[in-house]
Amino acid sequence: MPQNYTVTHLRQLESEAVYILRETAAQFRNPVLLFSGGKDSIVMAHLARKAFWPAKLPFPLMHVDTGHNFVETIAYRDAFVESLNAELIIASVQESIDEGSLTEESGYNASRNGLQTSVLLDAIEKNDFDAALGGGRRDEEKARAKERFFSHRDAFGQWDPKNQRPELWNIFNGRKQHDEHFRVFPLSNWTEMDVWQYVKQEKINLPSLYFSHSRECIKRDGVIMAVSEFLQLRPEEKIETMVVRFRTIGDATCTGATLSKATTLDHIISEVASARQTERGTRADDKRSETSMEDRKREGYF
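Residues numbered from 1 in each chain as written. Predicted model: local features only at pLDDT ≥ 70, side-chain atom pairs only at ≥ 80, totals over all residues. Heavy atoms only, no water.

**What about the overall build of the protein chain?**
In terms of helices and strands, the protein chain carries eight helices and 10 strands. Among the 302 residues that make up the protein chain, the fraction classed as buried is 55%. Here the protein chain has roughly 14,600 Å² of accessible surface; of this, 49% comes from carbon and sulfur atoms. (Helix = DSSP H or I, 4+ residues; strand = E, 2+ residues; numbered from the N terminus. Buried < 20%, exposed > 50% of the residue type's maximum accessible area, 1.4 Å probe, protein only. Areas by Shrake-Rupley, 256 points an atom, 1.4 Å probe, with all protein chains shown as cover.)

**Section: the environment of Arg137**
Take Arg137: it is sitting in the loop between β4 (131-133) and β5 (150-153). For the pair Arg137 and Asp40, spaced 97 residues apart in the sequence, the C-alpha separation amounts to 8.4 Å. In this structure the side chain of Arg137 is engaged in a polar contact, spanning 2.9 Å, whose partner is the side chain of Asp40. Looking at Arg137, its side chain comes within polar contact range of the side chain of Asp139, at 2.9 Å. (Polar contact = N/O pair within 3.5 Å; in protein donor to acceptor, adjacent residues only side chain to side chain.)

**Considerations on the pairing of β5**
The alternating pattern of β5 places Phe150 and His152 on one face and Ser151 and Arg153 on the opposite face, and all of these are buried. Across four bridges, β5 lies against strand β6 (residues 181-184) in antiparallel orientation. Paired with Phe150 across the two strands is Val184, which belongs to β6. (Pairing = 2+ DSSP bridges.)

**A closer look at unusual backbone geometry**
Going from Trp53 to Pro54, the amide bond is cis rather than trans, its omega being 10°. Among the structural elements, Pro54 can be located in the loop between α2 (39-52) and β2 (61-65). Phi at Asp179 is positive, roughly 80°, even though this residue is not glycine. Within the secondary structure, Asp179 sits in the loop between β5 and β6. With phi around 55°, Lys203 is a residue other than glycine that occupies positive phi space. Residue position: Lys203 is located in the loop between α6 (192-202) and β7 (213-220).

**Structural notes on the nonpolar core**
Within the largest apolar cluster, 58 residues are counted, with the highest numbers of intra-cluster contacts made by Val43, Leu47 and Trp190. Considering each element in turn, this core owes the most residues, eight residues, to α2. When near neighbours in sequence (up to four residues on either side) are disregarded, Val43 contacts Leu187, Trp190, Val195, Tyr198, Val199 and Ile204. One finds Val32, Met62, Val64 and Leu102 within the second-largest nonpolar core, a separate group that totals 16 residues. (Core = buried A, V, L, I, M, F, W, Y, C linked by side-chain atoms within 4.5 Å. Contact = heavy atoms within 4.5 Å.)

**Topic: the sheet that holds β4**
Spatial ordering of the open sheet is given by β3-β2-β1-β4-β6-β5, a layout of six strands whose pairing is mixed. Looking at the sheet topology across the chains shown, the edges are occupied by β3 (88-92) and β5. Between one strand axis and the next, the sheet turns by 30° as a mean value, whatever way the strands run. The pairing of strand β1 (residues 31-34) with β4 spans three bridges and is parallel. The partner of Pro31 across the bridge, within β4, is Ala131. This element, α2, spans β1 and β4 of the sheet and lies at about 140° to β1. Here helix α3 (residues 71-84) sits on the sheet and contacts β2 and β3; the angle it forms with β2, its principal contact strand, is near 170°. (Axes fitted to C-alpha atoms, helices over the stretch in contact; angles between N-to-C directions.)

Here it is in structure tokens:
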């Protein structure tokens, strides 16, 4: 693909995302940007900085923290938020467990990822947010493709994909009833390849987890899992040192790695171009059922 075409394509996506971010700030009283420390939320925060420069971001960032994060993710999160001079709100799964409002899963496949939904909805209600900006893309997972830019949630935080508002000619309807809110997805028309090319174009620094490195791992149910203090090993599982990188970053108990020698953005872009598995194909939590993502979204997940 000619470089000038790529730049034009990315600038069109950038312009659309900036428009959505500004519409969100204009239409909603108290929005928040959901920030995980992953590449999509990093790009979204970078776009927000561009959208409102030289002013500060008109909304805080919020991390729904499972407490089972990679060390590299948290270190990056704190440094990045400081560079933005932004407010960071941490909604903690561990605090909800300690308070007794959530019960932690047990067993070898236990994960806190599903517990994020309740914590997210509680944080939205507690902080009176009326819109939550998310970094979801339509190529990520089939349930994501049903979302609108402005995705309505009812008073219980639930999503009904069959009852969404039309979006014609870039006109977005943010009207809602009391206690309802919206999820807003500025990156809806982006692909994984677009994100990587934009990261390269904008020279955005990313967590080291995205690049090839040596790490102790196990193979579980077809997924390469990084060994950590949060992962309970089965007796038959053997720890191996592998050269891997991560295509997504999330809870360490359900985020799989991929074998890779990609140490630069150019290497990653070439790897993504030839990949035959979606990036969420390495997520153990998405393998629990055929409709796991859509079921969680209906309950109020990102």
